[in-house]
Amino acid sequence: MTTESAYWHEDAACRSADPDELFADNTAQNRAKAICTGCRVRTDCLVEALDNRVEWGVWGGMTERERRALLRRKPHVASWRQVLERAQREHEPPRAS
């Protein structure tokens, strides 16, 4: 799940990455998105970008173009945390009993 910490960025997989990698364009964005794969604060990062309408860079594994498309599809979402956490729960494999 997420840490819901104001300091989530301290646990981010990209914390030591070159910022130029995270704010790249075109094919270099795929390398930036790969950094996000498996990051434990990925949801926190994406919530930050969506709630604050961050226009540049890869955040939470999504490019600015992907985030804009999502925001256009769901313009009435006030807080993305619940939406993203609900989607995570729906896509988690069932736990063994």
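Just above, that's the structure.
Computed from a prediction, not measured in an experiment: that's the story for all the values here.

What counts as what
- Counting restarts for each chain, with residues numbered from 1 along the sequence as it is written.
- Per-residue local features of the predicted model are confined to residues with pLDDT of at least 70, and side-chain atom pairs are confined, for both listing and counting, to 80 or more; whole-chain, interface and lining totals are unaffected and use all residues.
- Working from all heavy atoms in the structure, the side-chain values ignore hydrogens and water.
- Each helix corresponds to a stretch of at least 4 residues labelled H or I by DSSP, and each strand to a stretch of at least 2 residues labelled E; elements are numbered beginning at the N terminus.
- The contact rule is simple, with two residues in contact once any of their heavy atoms fall within 4.5 Å.
- Buried, partly exposed and exposed residues are distinguished by accessible area as a fraction of the type maximum, computed with a 1.4 Å probe on protein chains only: under 20%, between the cut-offs, and over 50%, respectively.
- Arc definition: it is the arc formed by the directions from the helix axis to the C-beta atoms.
- By salt bridge we mean one thing: a side-chain nitrogen of Lys or Arg within 4 Å of a carboxyl oxygen of Asp or Glu.
- Joining through side-chain atoms within 4.5 Å is the link that ties buried Ala, Val, Leu, Ile, Met, Phe, Trp, Tyr and Cys residues into a set, and such a set is a nonpolar core.
- Residues enter patches when their relative accessible area tops 30% and they take part in no salt bridge; the joining distance is 9 Å for like charges and 5 Å for the nonpolar side chains Val, Leu, Ile, Met, Phe, Trp and Tyr.
- Only the protein chains shown count as cover for residues, and the accessible areas themselves come from Shrake-Rupley with a 1.4 Å probe.
- Just so you know, the count uses Lys and Arg for positive and Asp and Glu for negative, and it drops His and the chain ends.
- Just so you know, the charge point we use is NZ for Lys, CZ for Arg, CG for Asp and CD for Glu.
- Comment: axis = line fitted to C-alpha atoms, over the contacting stretch for helices; angle = value between 0 and 180 degrees taken between N-to-C directions.
- An angle counts as roughly parallel when it lies under 35 degrees, as roughly antiparallel when it exceeds 145, as roughly perpendicular when it falls between 65 and 115, and as oblique in every other case.
- Crossing handedness follows the turn of the near helix against the far one: under a right angle anticlockwise gives a left-handed crossing, and clockwise gives a right-handed one.
- Think of it as three bins: nonpolar holds Ala, Val, Leu, Ile, Met, Phe, Trp, Tyr, Cys and Pro, charged holds Asp, Glu, Lys and Arg, and polar takes everything else, Gly as well.

1. A closer look at the environment of T63
So, point 1. Positionally, T63 belongs in the loop between α3 (42-51) and α4 (64-73).
So, point 2. Sequence-distant contacts of T63, that is, excluding residues within four places in its chain, are made with Q29, K33, G57 and V58.

2. Details of α4
So, point 1. Taken as a whole, α4 has its buried residues at E64, R67, L70 and L71. Angularly, the buried residues of α4 cover 125 degrees about the axis, an arc narrow enough to put them on a single face. Exposed side chains of α4 directed beyond 90 degrees from the buried face belong to R65, R72 and R73.
So, point 2. Buried residues belonging to α4 abut α2 (28-36), α3 and α5 (80-91).

3. Here we look at the pattern of salt bridges
Should the charged atoms of two oppositely charged side chains come close, the side chains can pair.
So, point 1. Across all of its chains, the model carries 4 salt bridges by this definition.
So, point 2. Across the pair R40 and D11 runs a salt bridge, and its minimum N-O distance is 3.7 Å. Note that R40 is positioned in the loop between α2 and α3 and D11 in the segment before α1 (19-22), a separation of 29 residues in sequence.
So, point 3. Between R81 and D44 there is a salt bridge, with the nearest N and O atoms lying 3.0 Å from each other. You can see R81 sitting in helix α5 and its partner D44 sitting in helix α3, a full 37 residues away along the chain.

4. Observations regarding the nonpolar core
So, point 1. L46, V47, L50, M62, L70, L71, V77, W80 and L84 together form the largest nonpolar core, which totals 9 residues.
So, point 2. Of all the secondary structure elements, the ones that give two or more residues to this core are α3, α4 and α5.
So, point 3. Of all the elements, α3 adds the most residues to this core, at 3 residues.
So, point 4. When sequence neighbours within four positions are dropped, the list of residues in contact with M62 reads L46, G57, R67 and L70.
So, point 5. Judged by nonpolar contacts, the second largest core, of 7 residues, contains W8, V41, C45 and W59.

5. Quick notes on a positive patch on the surface
So, point 1. Together, R65, R68, R72, R73, K74, R86 and R89 make up a positively charged patch on the protein surface.
So, point 2. For the positive patch, the secondary structure elements donating two or more residues are α4 and α5.
So, point 3. If you tally residues by element for the positive patch, the top one is α4, at 4 residues.
So, point 4. Structurally, R89 can be placed in helix α5.

6. Considerations on the packing of α3 against α4
If you want to describe how two helices pack, look at the angle between their axes and the distance between the axes.
So, point 1. At a minimum axis separation of 11 Å, α3 and α4 run at an interaxial angle of 65 degrees. Considered as vectors, α3 and α4 are oriented roughly perpendicular to each other. Pair α3 / α4 crosses with right-handed handedness. Facing L46, A49 and L50 of α3, the residues of α4 in contact are R67, L70 and L71.
So, point 2. Taken together, the residues of the contact of α3 with α4 break down into 5 nonpolar, no polar and 1 charged.

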